[in-house]
Amino acid sequence: MTPAGAATRNPADGGQKFRLVDCDVHPIVRGGIESLYRYMPSAWKERFVIKGGNINNAHHYMRFGHPTGHVIRADAAPTKGATGGSDPDYLRRDLLDQYAIDCCLLKGQQVANLTTMVSQPQESVVLASAFNDFFIHEWLPCDPRFRYAIGVTPQAPADGAAEVRRHGAHPGVVAVDLPLVNMLMGDRYYYPIYEAAIEFGLPIVLHVSGTEGKFQGAPTFAGGYPATYAERYVSTVELATGNLASLIFEGVFERYPDLRVVFVEWGFSWVLPLLWRMDKAWQQLRLETPWVKKSPSEYVHKHVRFTTQPVDEPDDPTDLVQMV
């Protein structure tokens with residue numbers, strides 16, 4: 001998603017070209033699952049009440065603890081004891097105003113975790129719908145700089161596509177947040193979601209969900225499960241490279257020439273050597289993928305964007321400039 005692309009989604013922007021866009025802001029539902037009940041059918045509300053539903057424990061423990069205790073930054077909490085990212089007014093003042101950010105993409109990590117890890121398919125559909133209604137109705141009106149990525153469940157692609165069509169025309173909606181199961185993005189399984197996103201000119205956002213390697217059916221790490229958080233952090237790039245290669249060699253961008261994909265929070269230093277490797281493989285093995293009609297690097301330049309964070313900064317800053 002380019003900044004200009006985000007601007008054209010909202011007529012109030014007047015064609016403004018944004019200078020600084022934060023594509024990696026994670027809002028949290030304040031008040032727990034009870035805050036979502038008004039956005040659910042009554043029968044589903046009763047179901048979650050009986051089950052003792054909890055939307056705040058989605059980050060199940062790995063075999064190692066997070067180095068700082070939790071992925072949520074302590075300085076993002078509006079008050080002592082509150083959950084970071086749960087107050088739109090504080091987020092506006094503490095992030096957008098303080099750093100002169102022109103526009104931000106709200107992407108709910110609770111949605112990604114719950115719709116893949118701790119709910120079955122139909123529950124996931126209901127939860128994704130309730131989360132989307134909550135953020136669209138209770139966050140987007142708080143600041144004109146807020147934009148939202150619709151959360152969809154990968155467990156039910158047809159329902160995910162319906163959810164995109166339900167909200168795709170909203171001027172504050174600028175992307176589709178697609179968490180992954182252990183199926184590469186080039187698989188036709190995801191086609192219904194891609195098709196719905198294209199109808200509304202929305203890019204697909206791929207973000208680290210935190211569920212990788214945690215349950216059967218989650219995206220898996222090469223060679224096995226990492227033993228430390230540091231190892232996990234380094235290894236997540238494997239998932240980005242595998243999914244980008246899948247999109248290219250399965251011919252997704254040839255099939256859907258208007259599809260755009262944004263890799264958020266995967267870094268970008270791995271992209272250049274991957275482009276070299278994919279172009280070489282495509283040139284030498286054309287008979288394997290005749291549907292890939294252009295070089296992989298051409299597809300990537302046209303259809304794919306990468307956010308800068310986390311930046312793998314070398315000791316000499318000029319090395320980073322040269323790579324870019």
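Residues numbered from 1 in each chain as written. Predicted model: local features only at pLDDT ≥ 70, side-chain atom pairs only at ≥ 80, totals over all residues. Heavy atoms only, no water.

Visitor: Report on the overall build of the chain, specifying residues and quantitative values.
Guide: A tally of helices and strands in the chain yields 13 helices and 7 strands. Expected size for 324 residues packed as a compact globule is a radius of gyration near 20 Å; at 20 Å, the chain falls within 12% of this value. Of all 324 residues assigned to the chain, the portion counted as buried reaches 50%. Across the chain, every contact between residues at least 6 apart in sequence was considered, and the portion connecting residues at least 24 apart equals 75%. Of the roughly 15,600 Å² that the chain leaves accessible, carbon and sulfur atoms contribute 54%. (Helix = DSSP H or I, 4+ residues; strand = E, 2+ residues; numbered from the N terminus. Rg over C-alpha atoms; globule rule 2.2 N^0.38 Å. Buried < 20%, exposed > 50% of the residue type's maximum accessible area, 1.4 Å probe, protein only. Contact = heavy atoms within 4.5 Å. Areas by Shrake-Rupley, 256 points an atom, 1.4 Å probe, with all protein chains shown as cover.)

Visitor: Tell me about the layout of surface pockets, and name the residues and values.
Guide: For the second largest pocket, the calculated volume is near 340 Å³. Residue lining of the second largest pocket: Phe268, Val271, Leu272, Leu275, Val300, His301, Val304, Arg305, Phe306, Thr308, Met323 and Val324, and that is the complete set. Counting residues per element, the ones that place at least two in the lining of the second largest pocket are α11 (271-284), α12 (296-303) and β7 (304-306). For the lining of the second largest pocket, the residue count by class is 9 nonpolar, 2 polar and 1 charged. (1 Å grid on protein atoms, 1.4 Å probe; cavity = no way out; pocket = protein on both sides within 12 Å on 5 of 7 lines; lining within 4 Å. Points joined across faces, edges and corners; volume = space filled by probe spheres on them. Nonpolar A, V, L, I, M, F, W, Y, C, P; charged D, E, K, R; others polar.)

Visitor: Requested: an account of the packing of α11 against α12, with residues and values cited.
Guide: Remark: α11 packs on α12, axes separated minimally by 8 Å, with the N-to-C direction vectors making an angle of 135 degrees. With respect to their mutual orientation, α11 and α12 come out oblique. Residue-level inspection shows Leu275, Met278, Asp279 and Trp282 of α11 in contact with α12, the latter providing Pro296, Ser297, Val300 and His301. Tallied by class, residues from the contact of α11 with α12 come to 5 nonpolar, 2 polar and 1 charged. (Axes fitted to C-alpha atoms, helices over the stretch in contact; angles between N-to-C directions. Parallel < 35°, antiparallel > 145°, perpendicular 65-115°, else oblique.)

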